[in-house]
Amino acid sequence: MKKTPTRLADGRELIYYDLRDDVVRDAPDRRPLERTVTTSEIRRDPLLGDSVAVASHRQGRTYLPPADECPLCPSDGDRLSEIPDSGYDVVVFENRFPSLAGDSGRCEVVCFTPDHHASFADLTEEQARLVLDAWTDRTAELSHLPSVRQVFCFENRGREIGVTLGHPHGQIYAYPFTTPRTALMLRSVAAHKAATGGENLFDAVLARELAGERVVLRTEHWVAFVPYAAHWPYEVHLYPRRRVPDLLALDEAARAEFPRVYLELLARFDRIFGEQEAPTPYISAWHQAPFGAPEECGGTVVGRDDYALHLELFTIRRTSGKLKFLAGSESGMNVFINDVPPESAAQRLREVASS
């Protein structure tokens, strides 16, 4: 992997990640951009303990532009985009309309391919590995920023999810706090550790799923399963068999195997509802341990090594032509109601495996 950092016209950082070492990336950003002014602010809810990002400048962000005006395609002649060069393998840059900025964290965009009409599932294994390496590199770099506590790499695909740019891309959020979802996991890990005399909850969950009927696929280094209490109609969790806290700690064997496993999962998601319903809208999210000092939860200390890196992949489509909307119970009380039994979802995901 060759890494080439540069700057856009308004001062934002952009990094090219290339498969070939002899590629030269020196095209300047020719747009007359002024420096981006952000108004991101973190407010903490005193009752729930949640942190909310208030970012009014995002109202002006680009919304569903036509393909010939896509800001994530490479620049072409006088058609200038966020990527100054005429091509790229993978590119990462600071979001022009970030939810988090400055002391409130950082937001980056990850473009997986220059092909506007492709998707992550269309990548080769070599290209998917390059994305994994870019996620890992950005996790390492962002973790060194003094304002960053947790790094979150994710992809939203499909207008149904709320995607505003159709080009295949993901994002990276670097939060200045431990996110509420991760904090809940850590509290559960701490309670289990205290109740069992030191057993790790992630290990216990993985062992239970490996012995059950919800496994979707398993390889030497990875396991994918539908969780026992899945929130979404079709939801898969992908774990490395060896517990590690983050992408940085994955060994080479797991890295090498990941592209094949992940691309197979994405292919199965596109087959769940038949060709007429493809592509399936989804969210794919890496859960990594927070950086910094160990946390005390209920009197028990949990550190980074107690956490388990994993990816959560789910769709909001519950059946052909129907979406799972968050209604009163989910949005009002955070109590999910799942119309698809997890065992049935796992069976369906096994049925649509590549031959």
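Quick caveat: nothing in here was measured; it's all calculated off a predicted structure.

Rules used in this analysis
Residues numbered from 1 in each chain as written. Predicted model: local features only at pLDDT ≥ 70, side-chain atom pairs only at ≥ 80, totals over all residues. Heavy atoms only, no water. Helix = DSSP H or I, 4+ residues; strand = E, 2+ residues; numbered from the N terminus. Rg over C-alpha atoms; globule rule 2.2 N^0.38 Å. Buried < 20%, exposed > 50% of the residue type's maximum accessible area, 1.4 Å probe, protein only. Contact = heavy atoms within 4.5 Å. Areas by Shrake-Rupley, 256 points an atom, 1.4 Å probe, with all protein chains shown as cover. Lys, Arg positive; Asp, Glu negative; His and termini not counted. Charge placed at Lys NZ, Arg CZ, Asp CG, Glu CD. 1 Å grid on protein atoms, 1.4 Å probe; cavity = no way out; pocket = protein on both sides within 12 Å on 5 of 7 lines; lining within 4 Å. Points joined across faces, edges and corners; volume = space filled by probe spheres on them. Nonpolar A, V, L, I, M, F, W, Y, C, P; charged D, E, K, R; others polar. Expected span 1.5 Å × (residues − 1). Pairing = 2+ DSSP bridges. Axes fitted to C-alpha atoms, helices over the stretch in contact; angles between N-to-C directions. Core = buried A, V, L, I, M, F, W, Y, C linked by side-chain atoms within 4.5 Å. Parallel < 35°, antiparallel > 145°, perpendicular 65-115°, else oblique. Left-handed = near helix turned anticlockwise from the far one by under 90°. Salt bridge = Lys/Arg side-chain N within 4 Å of Asp/Glu carboxyl O. Phe/Tyr/Trp six-rings, centres within 6.5 Å; stacked < 30°, edge-to-face > 60°.

Engineer: Help me understand the overall build of the chain, please; the structure alone is not making it clear to me.
Structural biologist: Per the secondary structure count, the chain includes six helices and 17 strands. For a compact globule of 355 residues, the expected C-alpha radius of gyration is about 20 Å, and the chain comes in at 20 Å, within 12% of that figure. Each principal axis of the C-alpha atoms in the chain carries an extent, and together these give about 60 × 50 × 45 Å. Expressed as a percentage of the 355 residues in the chain, the buried residues total 53%. Contacts in the chain between residues at least 24 apart in sequence constitute 65% of all its contacts with a sequence separation of at least 6. Of the accessible surface of the chain, which amounts to about 16,600 Å², a share of 50% is contributed by carbon and sulfur atoms. Side-chain charges in the chain split into 41 positive and 53 negative, and the spacing between the mean points of these groups amounts to 3 Å.

Engineer: For this particular structure, what's the right way to read the layout of surface pockets?
Structural biologist: Where empty space is left in the structure can be found by rolling a water-sized probe over the atoms. Volume-wise, the second largest pocket comes out at about 410 Å³. Lining the second largest pocket are 24 residues, with Arg 157, Gly 158, Arg 159, Leu 165 and Gly 166 positioned closest to its centre. Sort the elements by how many residues they give to the lining of the second largest pocket and strand E7 (residues 150-157) lands first, with three residues. Residues belonging to the lining of the second largest pocket are distributed by class as follows: 11 nonpolar, nine polar and four charged.

Engineer: Is there a simple way to think about helix H1 (residues 125-143) in this case?
Structural biologist: Two residues of an α-helix separated by three or four positions point the same way, owing to the 3.6 residues in each turn. Along its 19 residues, H1 runs 27 Å from first to last C-alpha, staying within 8% of the 27 Å computed at 1.5 Å per residue. Across the 19 residues of H1, 14 count as buried, placing the element largely inside the fold.

Engineer: Even after reading the chapter, I still don't get the sheet that holds strand E1 (residues 2-7), so can you show me in this structure?
Structural biologist: Strand pairs in the sheet, formed through backbone hydrogen bonds, run parallel or antiparallel to each other. The antiparallel open sheet is built from 11 strands, whose spatial order is E1-E2-E5-E6-E8-E7-E12-E15-E11-E10-E9. Looking at which strands have only one partner, the edges of the open sheet turn out to be E1 and strand E9 (215-218). The sheet shows a mean angle of 20° between the axes of neighbouring strands, taken without regard to direction. Across six bridges, the pairing between E1 and strand E2 (residues 13-18) is antiparallel. The partner of Lys 2 across the bridge, within E2, is Asp 18. Its contacts with the sheet place helix H2 (residues 180-196) against E7, strand E12 (282-287) and strand E15 (310-315), and it is angled at close to 120° to E15.

Engineer: How should I be thinking about the nonpolar core in this particular structure?
Structural biologist: If you look at the biggest cluster of nonpolar residues, it comprises 52 residues, and the most contacted ones within it are Phe 120, Trp 135 and Trp 286. The greatest single-element share of this core, amounting to eight residues, is contributed by helix H4 (residues 252-271). Setting aside residues no more than four positions away along its own chain, Phe 120 makes contact with Phe 112, Ala 128, Val 131, Trp 135, Glu 155, Tyr 262, Leu 263, Leu 266 and Tyr 282. Core analysis: the second largest hydrophobic core is formed by 14 residues, Leu 186, Val 189, Tyr 307 and Ala 308 among them.

Engineer: Help me out: how do you make sense of the packing of H1 against H4 in this one?
Structural biologist: Packed helices, taken two at a time, are described by the angle between their axes plus the distance between the axes. Packing of H1 against H4 brings their axes to within 9 Å, and their N-to-C directions diverge by 120°. In terms of orientation, H1 lies oblique with respect to H4. Both H1 and H4 take part in a crossing whose hand is right-handed. Contact residues: Glu 125, Ala 128, Arg 129, Leu 132, Asp 133, Trp 135 and Thr 136 in H1; Glu 252, Arg 255, Ala 256, Phe 258, Pro 259, Arg 260 and Leu 263 in H4. Of the residues assigned to the contact of H1 with H4, the class counts are seven nonpolar, one polar and six charged.

Engineer: How should I be thinking about the pattern of salt bridges in this particular structure?
Structural biologist: When charged atoms on two side chains of opposite charge get close, those side chains can pair. If you walk through the whole model with that rule in mind, you get 33 salt bridges. Ionic pairing is found between Glu 41 and Arg 43, a salt bridge with its closest N-O pair at 3.1 Å. Here Glu 41 falls in the partly exposed class, since its relative accessible area comes to 35%. Linking Arg 106 and Glu 108 is a salt bridge whose minimum nitrogen-to-oxygen distance equals 2.9 Å. Overall, the relative accessible area of 14% leaves Arg 106 in the buried class. Overlapping salt bridges, with partners in common, bring together Arg 7, Glu 13, Glu 94, Arg 106, Glu 108 and Arg 138 in one network.

Engineer: I would appreciate a short explanation of the environment of Leu 349 in the present structure.
Structural biologist: Among the structural elements, Leu 349 can be located in helix H6 (residues 342-351). Remark: the alpha-carbon pair of Leu 349 and Tyr 234, spanning 115 residues in sequence, is separated by 8.5 Å. Non-local contacts of Leu 349, meaning those with residues more than four positions away in its chain, are made with Val 216, Val 226, Tyr 234, Val 236, Arg 268, Phe 269 and Ile 272.

Engineer: What exactly am I supposed to notice about the packing of aromatic side chains here?
Structural biologist: For any pair of aromatic rings, geometry is given as the distance between the ring centres together with the angle between the planes. Considering all chains together, one arrives at 20 aromatic pairs under this definition. Measuring from ring centre to ring centre gives 5.2 Å for Phe 154 and Tyr 173, while their planes differ by 85°; the resulting arrangement is edge-to-face. In this pair, Phe 154 sits in strand E7 while Tyr 173 sits in strand E8 (residues 169-175), placing the two residues 19 residues apart along the sequence. By relative accessible area, which is 14% here, Tyr 173 ends up buried. Ring geometry for Trp 232 and Phe 336: centres 5.3 Å apart, planes at 70°, overall edge-to-face. With Trp 232 in the loop between strand E10 (222-225) and strand E11 (234-240) and Phe 336 in the loop between helix H5 (328-333) and H6, the pair connects residues that are 104 residues apart, well separated along the chain. A connected cluster of aromatic rings, assembled from ring pairs, spans Phe 112, Phe 120, Trp 135, Trp 222, Phe 258, Tyr 262 and Trp 286.

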